[in-house]
Amino acid sequence: MKPLRIALTKGRLEKSTIELFEKLGYNCDEVHNKGRRLILTIGDGEFEVVLAKAADVITYVEHGVCDLGVVGKDTILENGTSFYELLDLGFGKCKFALAGKKDYDFYHGYGAKTIATKYPNVTRSFFEGKNMDVRVIKIEGSVELAPLVGLADGIVDIVETGSTLKANNLEVKEFVTDISARLIANTASLKLRKNEIEELVNKMEVAIK
């Protein structure tokens, strides 16, 4: 039978996932010595790993070219739902937060606020939940710059340590939601390869606990 193909988010989530596979007893030497290769084998050929950017992991899983994927909850909330979310892997933890200038009362006044963010869908959903009318501006680079130059009243972004906010005289006004790495599955793969996927999930659950 062909190996289960797993799309991994390149970088820290990739590293943590490989550590988890090694904890389960799988040989991951090929991933450690990948060079420029983008498709790699784990174990004795039981798994095939595809390395991709976060949003592309979801694309590969949704379109069925990968059976499974490891991606942050932030990317899931922003980019799609046509897959199954199987497991919270417990690493890659951070938070979405609403932040703005220190000493600025974000919720004061009646006018529509302007929010800069890399995550417009998450941002709209958050403010819709508050019945607040906001104008959302998508920023690709450092969103912290937007309130400093007067482009926005606040930002919605991922916060880990808060040191970038502090260095720029910004502060968290409210936490939006917790984020961590998740294991996702293609809907067809979950039916066709149910036993293999369930076996892997069970092993992961034990290792995480």
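Residues numbered from 1 in each chain as written. Predicted model: local features only at pLDDT ≥ 70, side-chain atom pairs only at ≥ 80, totals over all residues. Heavy atoms only, no water.

Caption draft 1: Representation of helix α3 (residues 54-62). Residues V57, I58 and V61 constitute the buried set of α3. Along the axis of α3, the buried positions cluster into a sector of 95 degrees, meaning they face one direction only. Elements in contact with the buried residues of α3: β1 (4-9), β3 (47-52), β4 (68-72), α4 (73-79) and β11 (181-185). G64, located one to two residues past α3, shows a positive phi value of around 80 degrees. (Buried < 20%, exposed > 50% of the residue type's maximum accessible area, 1.4 Å probe, protein only. Helix = DSSP H or I, 4+ residues; strand = E, 2+ residues; numbered from the N terminus. Arc of directions from axis to C-beta. Contact = heavy atoms within 4.5 Å.)

Caption draft 2: Molecular detail of the packing of aromatic side chains. For the structure on display, the rule yields eight aromatic pairs. Between F21 and Y26 the ring centres are 5.8 Å apart and the planes differ by 65 degrees, which places this aromatic pair in the edge-to-face class. Neither residue differs from the other here; F21 and Y26 are each classed as buried. Ring plane angle 75 degrees and centroid distance 4.9 Å describe the contact between F96 and Y119, whose orientation is recorded as edge-to-face. With F96 in strand β6 (residues 94-101) and Y119 in the loop between β7 (113-117) and α5 (120-128), this pair connects stretches of sequence that are 23 residues apart. For F96, a relative accessible area of 0% puts it in the buried group. Take Y119: its relative accessible area is 14%, and that puts it in the buried class. The rings of Y104, F106, Y107, F126 and F127 are connected pair by pair, giving a single aromatic cluster. One Lys or Arg, K95, reaches over the ring of F175 and ends 5.2 Å from the middle of that ring. Over the ring of F106 we find K113, and its NZ or CZ is 5.7 Å from the ring centre. (Phe/Tyr/Trp six-rings, centres within 6.5 Å; stacked < 30°, edge-to-face > 60°. Lys NZ or Arg CZ within 6 Å of the ring centre and 35° of its normal.)

Caption draft 3: View of the pattern of salt bridges. All told, the structure shown has 16 salt bridges when counted by the stated rule. Where D88 meets R182, a salt bridge forms, and the shortest distance between an N and an O atom there is 3.7 Å. With D88 in strand β5 (residues 84-88) and R182 in strand β11, this pair connects stretches of sequence that are 94 residues apart. Two residues, R193 and E196, come together in a salt bridge whose shortest N-O distance is 2.8 Å. (Salt bridge = Lys/Arg side-chain N within 4 Å of Asp/Glu carboxyl O.)

Caption draft 4: A look at helix α9 (residues 194-208). Across its 15 residues, α9 extends 21 Å between first and last C-alpha, which sits within 8% of the 21 Å expected from 1.5 Å per residue. Buried residues of α9: I197, L200, V201, M204 and A207, and no others. With its buried residues spanning 125 degrees around the axis, α9 presents them on a single face. Of the exposed residues in α9, the ones pointing more than 90 degrees away from its buried face are N195 and V206. (Expected span 1.5 Å × (residues − 1).)

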